[in-house]
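# An overview of the molecular structure
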Amino acid sequence: MNAAAPLFRDRIRDGALYYEHDPRVPMTALQLVFHGGGFQQEPTGLMGTARVAAKTLFRGTPAMTRQQILQQLDLLGATVDASVSETDFTISLSCFTRALDRVIALVASVVENASFPEEECALVIRQELNSLSAALQNPERVLTAAHEFVVYGAGTQGKIGSRAGLERLTRADVVRYFEGVRGAGVLFATAISDLPRADLERALAVFTRGRRADGFQLRSERPFLDTRATVIVDSPGATNDRLIWSQTGIAAADPRRFDLALILDALGSSEGTIFEVLRNKNGWCYGAYGYLVPATTRPGRIAYYADPAGENSHRLVPELLSILGRFPGDADFQVRLAGRNETFANRYAYQLEPKRKLTNAINEDRYGIPVLDREGYQRAIGAVTASTAAAVIREVFAVERLAMVYYGDAGRLTPLLAGLDGSRTPTVIESGLLIA
Amino acid sequence: MLASAFHIPDMTHPDYPPLVTLAKILTGGKSAVLKERLLHTSRVTSIMADAFVGKDCGTFEFFAQIADGVEFAEVEAVVRQALEECARGEISRDQLTIVKNEIERELYQSATNPDSLGQKLGDGFINTGDLAFGVKILDAFGRVDIPQIGAAARRYLLDQPGTAIRLHPEPA
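Cut-offs used in this document
Residues numbered from 1 in each chain as written. Chains lettered and ligands numbered in written order. Predicted model: local features only at pLDDT ≥ 70, side-chain atom pairs only at ≥ 80, totals over all residues. Heavy atoms only, no water. Helix = DSSP H or I, 4+ residues; strand = E, 2+ residues; numbered from the N terminus. Rg over C-alpha atoms; globule rule 2.2 N^0.38 Å. Buried < 20%, exposed > 50% of the residue type's maximum accessible area, 1.4 Å probe, protein only. Contact = heavy atoms within 4.5 Å. Lys, Arg positive; Asp, Glu negative; His and termini not counted. Charge placed at Lys NZ, Arg CZ, Asp CG, Glu CD. Pairing = 2+ DSSP bridges. Axes fitted to C-alpha atoms, helices over the stretch in contact; angles between N-to-C directions. Core = buried A, V, L, I, M, F, W, Y, C linked by side-chain atoms within 4.5 Å. Salt bridge = Lys/Arg side-chain N within 4 Å of Asp/Glu carboxyl O. Buried area = accessible area lost by both parts, 1.4 Å probe. Polar contact = N/O pair within 3.5 Å; in protein donor to acceptor, adjacent residues only side chain to side chain.

Next up on the list: the overall build of chain B. Check the secondary structure of chain B and you find seven helices and four strands. Along chain B, helices (α) and strands (β) appear in the sequence β-α-α-β-β-α-α-α-α-α-β when read from the amino end. Computed over the C-alpha atoms, the radius of gyration of chain B is 16 Å, within 12% of the 16 Å expected from 2.2 N^0.38 for a compact globule of 172 residues. Counting over 172 residues, chain B shows a buried share of 47%. A separation threshold of at least 6 residues defines the contact pool for chain B, and within that pool the share at least 24 residues apart is 73%. Averaging the coordinates of the 17 positive side-chain charges in chain B and doing the same for the 24 negative ones gives two points 4 Å apart.

Written as structure tokens, this is what we have:
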């Protein structure tokens, strides 16, 4: 593990409930987050264990078969899923509030007694293997994974998955993994419900009372590399090329985040300079965007995407590079930037949506991002000016530090890139590497 | 990928609620017939059936992403068998309860999501001229019975040829 020390010490406490009251409909949505139970805990060589554990969770207990569990949940009007991220193993449920007690009892029983048969585990592994093959047919998925693979250091993280890891996986590995999840050092919950908070705390006690917390303990996230690698995932004969370029951004609570958000909106949104020049004026591509890979405990990334038709790549690639070098002084960009304050000020309403409020509260405790009230938000947006933005561009944007990842015809792209920048030597890889 | 489509009438037709119910019996909940027989047995990686309608008429559509090593014909046979069972009225009360749950959940989700609410109201207005159609039709869904579902399966899906598209992946 080459994880660096985090920029912010996570302060989510065991047993915490993040709650939003929503009286509009008689529904309850809950998430149980086993914090530290994510795929960062997968044993070496067994990539895919966490996802398989999530998918087998509702596939049996000593008393119920998979069919019985799923039918019972459907009859209660509940949807229940388990998923994994780098740090967390999450069980999400949504149901009619009138059935909440019965749904929670069923889910608690599954979490406590998960005991899927061997053949269910084999079926899930087969599904996962199938989904790896299907993912290679999706160019956007391949490109995104290749980009992550490169910026995480070309190890395992970022890959779509691992065929070899899945083929090695046994039921015992999955059971052992879920034992670690169940005993995660921190278990917290989120809830959006028409019920009062106290009722939910009572209902959720079944998961927290007397719980062991000596399983998986949260580790630092893997940092992004500050790499300027150039990588082509070869797709011989592809009619379109696709690219993601990215560079290191800023920390989650960095006060320059408002400037950065407005700059990237003016540069890279569908009303931004990049889209205007590459698609609207020249018609070289369908999509052309700049966006932020959000900062967490690690700094985020500033990223760019385009999907030129193969015959236009030799025009689009140098022009995108040129825009990224010249945009700070570009009149079109300055006009677009000047209009962003009002646009962003109007977006405050999104912060009031219950899911958004929950996310903001969690992000404050996980990443130290302060939750702003309307006045604080408007002040922060209003403080972005042409001169503060220019300073942030000088400090943060660095076209020479871009990692460049392409998915397309290497025969077409290699000479194009060699002619573009002599200091970059493209590495060509096969898409199969992303599922090896 | 397997995609198949069958002609169905518009939203105001009395067969529309049974067709929507049929789609949900087939793939609506996690325990739905085709999910149980195809998805949970790893013969497909995804499956979906739905009744899509416009102002004039609509289509009943199936989409299935076929797993490696599984034949299209095998999946089509499972789908056809499930349709024949529905046509014979082999539908349980539990299945109908699950469909009603799904419809109630969708209504609540629409009510709290502006995009979804706009879609529901807009679809009703564009396709029927009645902004409240999506709410008014809930009663009709509640009255759908097993013989109506069976008749709709027979008339629109089993007794019609339909159109199927089989997409083969590019060789690796």
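Time to look at the sheet that holds strand S1 (residues 17–21) of chain A. In a beta sheet, neighbouring strands are held together by backbone hydrogen bonds and run either parallel or antiparallel to one another. Residues and elements named next belong to chain A. With respect to topology, five strands assemble into an open sheet ordered S1-S5-S2-S4-S3, the strand pairing being mixed. Every interior strand has two partners, whereas the edge strands, S1 and strand S3 (79–84), have only one. Neighbour-to-neighbour, the strand axes of this sheet turn through a mean angle of 10°, independent of strand direction. Its contacts with the sheet put helix H3 (residues 100–113) on strand S2 (27–35), S3 and strand S4 (88–96), and the angle it makes with S4 is roughly 150°. In the packing of helix H14 (residues 354–367) onto the sheet, the strands contacted are S1, S2, S4 and strand S5 (186–193), and the crossing angle to S1 comes to about 155°.

All names here are of chain A. A sheet is described by the order of its strands in space; here six strands give the open sequence S8-S9-S7-S10-S6-S11, paired in mixed fashion. Each edge of the sheet is formed by a strand with only one pairing partner; in this case those strands are strand S8 (285–293) and strand S11 (427–430). Across the sheet, the mean angle separating the axes of adjacent strands is 15° when strand polarity is ignored. Pairing between strand S6 (residues 230–234) and S11: four bridges, direction parallel.

On to the nonpolar core, then. Ranked by size, the top nonpolar core spans 71 residues in total, and within it Phe34, Phe58, Phe89, Ile91, Val103, Val107 and Phe207 of chain A carry the most contacts. Top element by residues in this core is H3 of chain A. It accounts for eight residues.

The subject of this paragraph is the pattern of salt bridges. Close approach of charged atoms lets side chains of opposite charge pair. All names here are of chain A. Inspection of every chain in the model, using the stated rule, returns 38 salt bridges over all chains. The partner of Arg336 in a salt bridge is Glu276, and the shortest N-O contact between them spans 3.8 Å. Highlighted residues: Arg336 in helix H12 (residues 331–338) and Glu276 in helix H10 (residues 273–281), separated in sequence by 60 residues. No difference in accessibility class separates Arg336 from Glu276, as the two residues are buried.

Below, the discussion takes up H10 of chain A. Residue and element names in this part refer to chain A. By the burial criterion, the buried members of H10 are Thr273, Ile274, Phe275, Glu276, Val277 and Leu278. The elements touched by buried residues of H10 are helix H9 (257–268), S8, strand S9 (301–308), helix H11 (313–326) and H12. A positive phi of about 65° marks Gly283, the residue just after H10.

Attention now goes to the interface of chain A and chain B. Each partner contributes to the interface: chain A provides 29 residues, whereas chain B provides 25 residues. Here chain A packs against chain B, burying approximately 2300 Å² in sum over the two surfaces, 50% of which is carbon and sulfur. Scanning the region where chain A abuts chain B turns up three salt bridges. The partner of Glu36 of chain B in a salt bridge is Arg66 of chain A, and the shortest N-O contact between them spans 2.4 Å. Across the chain A-chain B interface, the total number found is 16 residue pairs in polar contact (both at pLDDT 80 or more). Mapped by element, the contributors of at least two residues to the side of chain A that touches chain B are helix H2 (66–75), S3, S4 and helix H4 (118–135) of chain A.

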